[in-house]
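# Reading the structure
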Amino acid sequence: MEVNNYKNKLSLDKNKTLIVKELVHNHERGGARPAIVMKNVSKTYKSNSTPAIMNISFRVERGEFVFIVGPSGSGKSTILRLLMKEIEPSQGGIYVDGKDTTKLKRHQIPYLRRKLGVVFQDFRLLKNRNVFDNVAFAQRVIGADTKTIKRRVPSVLSIVGILEKHQKFPRQLSGGEQQRVALARAIVNDPMILLCDEPTGNLDPKNSWEIMALLDEINQKGTTVIVVTHNMDIVNAMHKRVITINKGVLISDQKEGGYRDE
Amino acid sequence: MNSFSNNLFYSIKQGILSIKRNSRFSLASIGTMMASLFLFGIFYCVVVNFTYIVKNAETNVGITIFFDAGISKAKIDDIGEKIRARDEVESCTFISADEAWEQFQTDYFGRDKDVLETFGNDNPLEESSSYEVFLADVTKQKELVAYIESLDGVRQVNSSESIAEGLTSFNRLLSYVSGAIMLILMGVSVFLISTTVNMGISVRREEIGIMKLIGATDFFIRAPFIVEGMIIGLIGSVLPLGIVFIMYKKVVAYIISKFTILSDYLVFMKAEDIFLVLVPLSMLIGLGIGFAGSFFTVKKHLKV
């Protein structure tokens, strides 16, 4: 409908056709749709009567870099698990790329997850596959052909700086290297949003900074990045948007915020 | 190639690789499948042979029909026509009085010429020409006897009701017992395979979780496990077939050589005839159990 309106408003001379094409392109890619919207989301686990999160609402625009911070058990990881649709909210609405994920049917969930790249604290690599295969695996999942995989995987491994170790198995790599592989796997399908759950939690400061620099670089190229962490040094040094959660409640949302241990 | 065929080829490759990667689990599954299908193969051979022997015995169950004294040849032929027209009749052969006496001499007097000489040229069985009838379906003997007795010109019908009934009930019992045992064997196989597959999948639960979180569809996750299950099922069915084939040939040869006295009754089926059915049957069962075992077991682990 919006596209037709655009066409009606503009006379179709050559230059204007290009403008329409761009508008259509933007429209089809989601246009101004926010990457993530959480509306009054609460989650109570069956094993615990106290809600893990209560009435959380926030909106993340495309291309934003957001830290979600808070002490252990504050509900940060619950937010990520809800975004991945690993768990269902007890109430509220969650929208990813404009779609209400709470209404997705079971067979639609994989396609939501393909819009999300995920990096975990414990890397979660397939132990019996080498670096190349771990990253190629994510491409296989979306049905990419071997030719594409052979072209794309080395390029991504090169971005995260681990190309020379493509034949090594996870057990042969350091923590920092494993996290680079996990990052390569997360971005190989060019996701719209990159979700990182404590990505530096198992890393020394040097590797932590390197991973954060990579995340920043990926964000600069247009990917929305959400990082759940309680690493104060990193959050305070990067001057990004910071959403602070405490005891399941959103207590602050600062554009270029910081994080203090309270 | 589209993404479906990419995924399909990938799944087949992964299924094969997975057998290699999880060699212990694969060997355990193949072993379980082999044990089940080995028992199934042996049992199948026993059952089909029993059925074959019983069927063979049934064809030897005959009815003898004697005629009224002084009956004409045309009347005898007419009775024969009526009997042959019945569906349950396999064969109906006329035995003349002379043939009957010759057979009697051979059966009872043998070389005892002294006894035979007392009869001279007389035929004591002069009024005993007969029809010898064999049935295609022994269960219908009673019905047939009643029909023949009702025919004009028939004096006497000899039949062994107890043998016919015994064979019929034995055959029925055999089909019930074999059906029940085969069902139990199938059930045990499915349970054992499912348990083994379950063990293998528990080990790979983390892997399945990762696959789900990076956007793999249920088909993508399940397909390699199913390929793996089917290959294991196929290997597990082919190996015992070979063993059962060799064993069958040896056991049959042994029984025939040791029990020559029973050679008229113990007629075994040819191994080739049995395996013409048993090979595809076992392979189908192996594939089926491998498929079902993997399909349902993986399903439980897909809810991530």
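This report concerns the structure included in the present document. All values reported here derive from a predicted model rather than from experimental measurement.

This part takes up the layout of surface pockets. It is the rolling of a water-molecule-sized probe over the atoms that shows where space remains empty. Residue and element names in this part refer to chain A. Estimates place the volume of the largest pocket at around 510 Å³. If you trace the largest pocket, you find 21 residues lining it, with D190, P191, M192, G222 and T223 closest to the centre. Its residues placed into classes, the lining of the largest pocket shows seven nonpolar, five polar and nine charged.

Right, let's talk about the interface of chain B and chain A for a bit. One widely used convention gives an interface's size as the accessible area the parts lose upon coming together. Taken together, the contact pairs 21 residues of chain B with 24 residues of chain A. Roughly 2100 Å² of surface becomes buried between chain B and chain A when both sides are summed, with 56% attributable to carbon and sulfur atoms. Its largest share of buried area at the contact with chain A, chain B owes to I210, L213 and I214 of chain B, together 32% of the area lost on that side. The interface formed by chain B and chain A contains one salt bridge. Here chain B is connected to chain A by five residue pairs in polar contact (both at pLDDT 80 or more). Mapped onto the side of chain B that touches chain A, the elements with two or more residues apiece are α1 (3–21), α8 (205–213) and α9 (218–258) of chain B. Tallied by class, the residues present in the side of chain B that touches chain A amount to nine nonpolar, six polar and six charged.

All names here are of chain B. As judged from the five bridges shared by strand β1 (residues 62–67) and strand β3 (residues 130–135), these two strands associate in the antiparallel manner. Note on β3: the bridge partner recorded for T64 is E132. Bridge analysis of strand β2 (residues 89–95) against β3 gives six bridges, and the strand direction is antiparallel. For I95, the partnering residue across the bridge sits in β3 and is S130.

Here we come to the pattern of salt bridges. All names here are of chain A. Under the criterion given, the structure shown has 25 salt bridges over all chains. For K103, the salt bridge identified is with D100, shortest N-O distance 3.7 Å. When salt bridges with common partners are traced through the structure, they connect R33, R62, D97 and K115 into a single cluster.

Quick look at the sheet that holds strand β4 (residues 154–159) of chain B now. Residue and element names in this part refer to chain B. Spatial ordering of the open sheet is given by β2-β3-β1-β4, a layout of four strands whose pairing is antiparallel. For this open sheet the edge positions go to β2 and β4, each flanked by a neighbour on one side alone. Across this sheet, the average inter-strand angle for adjacent strands is 20 degrees, counted without regard to direction. Packed on one face of the sheet, helix α3 (residues 73–84) meets β1, β2, β3 and β4 and runs near 5 degrees to β3. Strands in contact with helix α6 (residues 141–149) are β1, β2, β3 and β4; relative to β4, the strand with the most contacts, it is inclined by about 165 degrees.

Residues and elements named next belong to chain A. Reading across from one edge, β2-β1-β4-β5 is the order of the four strands in this open sheet, with antiparallel pairing throughout. The two strands at the open ends of the sheet, each matched to only one other strand, are β2 (53–60) and β5 (99–100). Here five bridges tie strand β1 (residues 36–43) to strand β4 (residues 91–96), and the two strands are oriented antiparallel to one another. Residue pairing in the sheet places V37 in a bridge with Y95 of β4. Packing of helix α3 (residues 76–83) onto the sheet brings it into contact with β1, β2 and β4, and relative to β1 it is tilted by some 120 degrees.

On to empty space enclosed by the protein, then. Tallied over the full model, the rule gives three cavities of 30 Å³ or more. Space inside the largest cavity adds up to approximately 120 Å³. Along the walls of the largest cavity sit 16 residues, with R129 of chain A together with R204, E207, M211 and P224 of chain B positioned nearest its centre. Those elements giving two or more residues to the lining of the largest cavity turn out to be α1, α8 and α9 of chain B. Among the elements that line the lining of the largest cavity, the one with the most residues is α9 of chain B, at five residues.

Looking now at the packing of helix α7 (residues 175–187) of chain A against helix α8 (residues 205–220) of chain A. Residue and element names in this part refer to chain A. Interhelical geometry of α7 versus α8 gives an angle of 15 degrees and a closest axis separation of 10 Å. Classified by the interaxial angle, the pair formed by α7 and α8 is roughly parallel. Every pair of crossing elements has a handedness; the one defined by α7 and α8 is right-handed. Where α7 approaches α8, its residues G176, Q179, R180, L183 and I187 are matched on the opposing element by N207, E210, I211, L214, L215 and I218. Broken down by class, the residue content of the contact of α7 with α8 amounts to six nonpolar, three polar and two charged.

Another point: α7 of chain A. Relative to the 18 Å expected for 13 residues at 1.5 Å per residue, α7 of chain A spans 18 Å between its end C-alpha atoms, a close match to the ideal helical length. Of all 13 residues that make up α7 of chain A, 12 are buried, and the element is covered over most of its length. Of the residues making up α7 of chain A, those classed as buried are G176, E177, Q178, Q179, R180, V181, A182, L183, A184, R185, A186 and I187 of chain A. Along its buried surface, α7 of chain A packs onto β6 (116–119), α5 (131–141), α6 (146–159), β7 (193–197) and α8 of chain A together with α8 of chain B.

Parameters at a glance
- Residues numbered from 1 in each chain as written.
- Chains lettered and ligands numbered in written order.
- Predicted model: local features only at pLDDT ≥ 70, side-chain atom pairs only at ≥ 80, totals over all residues.
- Heavy atoms only, no water.
- 1 Å grid on protein atoms, 1.4 Å probe; cavity = no way out; pocket = protein on both sides within 12 Å on 5 of 7 lines; lining within 4 Å.
- Points joined across faces, edges and corners; volume = space filled by probe spheres on them.
- Nonpolar A, V, L, I, M, F, W, Y, C, P; charged D, E, K, R; others polar.
- Contact = heavy atoms within 4.5 Å.
- Buried area = accessible area lost by both parts, 1.4 Å probe.
- Salt bridge = Lys/Arg side-chain N within 4 Å of Asp/Glu carboxyl O.
- Polar contact = N/O pair within 3.5 Å; in protein donor to acceptor, adjacent residues only side chain to side chain.
- Helix = DSSP H or I, 4+ residues; strand = E, 2+ residues; numbered from the N terminus.
- Pairing = 2+ DSSP bridges.
- Axes fitted to C-alpha atoms, helices over the stretch in contact; angles between N-to-C directions.
- Parallel < 35°, antiparallel > 145°, perpendicular 65-115°, else oblique.
- Left-handed = near helix turned anticlockwise from the far one by under 90°.
- Expected span 1.5 Å × (residues − 1).
- Buried < 20%, exposed > 50% of the residue type's maximum accessible area, 1.4 Å probe, protein only.

As far as function goes, none of this settles anything; it's purely spatial.
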